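Examining the three-dimensional arrangement
Each chain is listed here by its residues.
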Amino acid sequence: MRRKPPDFYRADTLKSDDSVGLLFRRVLASLIQEVDRRLAQHDLTHAQWVPLYKLFRGECGTSAELARDMQVDPAAVTRALDRLEAKGLIERGRSATDRRVVQLELTAEGRRVAPLVPAALAEVFNAHLAGFSETEWATLIELLQRMLSNGEALRAAALESQEAKP
């Protein structure tokens, strides 16, 4: 059962300073810029450290999985992987069970560099949460997860509506 949405925002009073979307975007940009700054000494950009992190954590093993997980164009992922491969951080290999699938693995150098990413993320996240209590942090996570769940419900309802059309 979907809940009735509140009317916190109204077209006649909407201000960009109060926009959840704009605030999310600004916070995300600040996070990315700071992580990029910290990882620049290791010659890693956002487009590179995200796949490196995902491979390190075992969250993705192919470029298609990375593209889906990161919600980016597969060609962009391929370009980032090309750079990581040229830097000697990853290698590609054909799957033993399906030759069409290219598996991604960290090289020895990749396994050395990859742990720098979660360390930088933790530092940057904590710096952005300065002044928050642990309770406020937990509440923030819960609220963001709830918003994400609401967004997923909207997407599912839109898909159902499209599929129901003759």
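How each quantity is defined
- Residues numbered from 1 in each chain as written.
- Predicted model: local features only at pLDDT ≥ 70, side-chain atom pairs only at ≥ 80, totals over all residues.
- Heavy atoms only, no water.
- Helix = DSSP H or I, 4+ residues; strand = E, 2+ residues; numbered from the N terminus.
- Contact = heavy atoms within 4.5 Å.
- Axes fitted to C-alpha atoms, helices over the stretch in contact; angles between N-to-C directions.
- Parallel < 35°, antiparallel > 145°, perpendicular 65-115°, else oblique.
- Left-handed = near helix turned anticlockwise from the far one by under 90°.
- Salt bridge = Lys/Arg side-chain N within 4 Å of Asp/Glu carboxyl O.
- Buried < 20%, exposed > 50% of the residue type's maximum accessible area, 1.4 Å probe, protein only.

Considering the environment of L44
Within the secondary structure, L44 is located in the loop between α1 (20-39) and α2 (46-57). Along the backbone, L44 and D12 are 32 residues apart, and their C-alpha atoms lie at a distance of 44 Å. Once residues lying within four places of it in the same chain are set aside, the contact partners of L44 are D36, L39, W49, L52, L84, K87, L89, V113 and V117.

Here we look at the packing of α1 against helix α6 (residues 116-128)
For the pair α1 and α6, interaxial distance at closest approach is 9 Å and the crossing angle is 135°. In terms of orientation, α1 lies oblique with respect to α6. In this structure, α1 meets α6 at a crossing whose hand is right-handed. Here S30, L31, E34, V35, R38 and L39 of α1 lie close against α6, whose contacting residues are L116, V117, A120, L121, E123, V124, F125 and H128.

Regarding the pattern of salt bridges
The full count for this structure, using the stated rule, is 13 salt bridges. A salt bridge links K87 to D43, with the shortest nitrogen-to-oxygen separation between them at 3.3 Å. Of this pair, K87 sits in the loop between α4 (74-86) and β1 (90-94) while D43 sits in the loop between α1 and α2, placing them 44 residues apart in sequence. Here R146 and E142 are joined by a salt bridge, their closest N and O atoms 3.5 Å apart. Of this pair, R146 and E142 both sit in helix α7 (residues 134-164), separated by four residues, roughly a single helical turn. Assessed through its relative accessible area of 39%, R146 is described here as partly exposed. We classify E142 as partly exposed; its relative accessible area is 45%. In this structure, a network of salt bridges that share partners links the residues E34, R37, R38 and E123.

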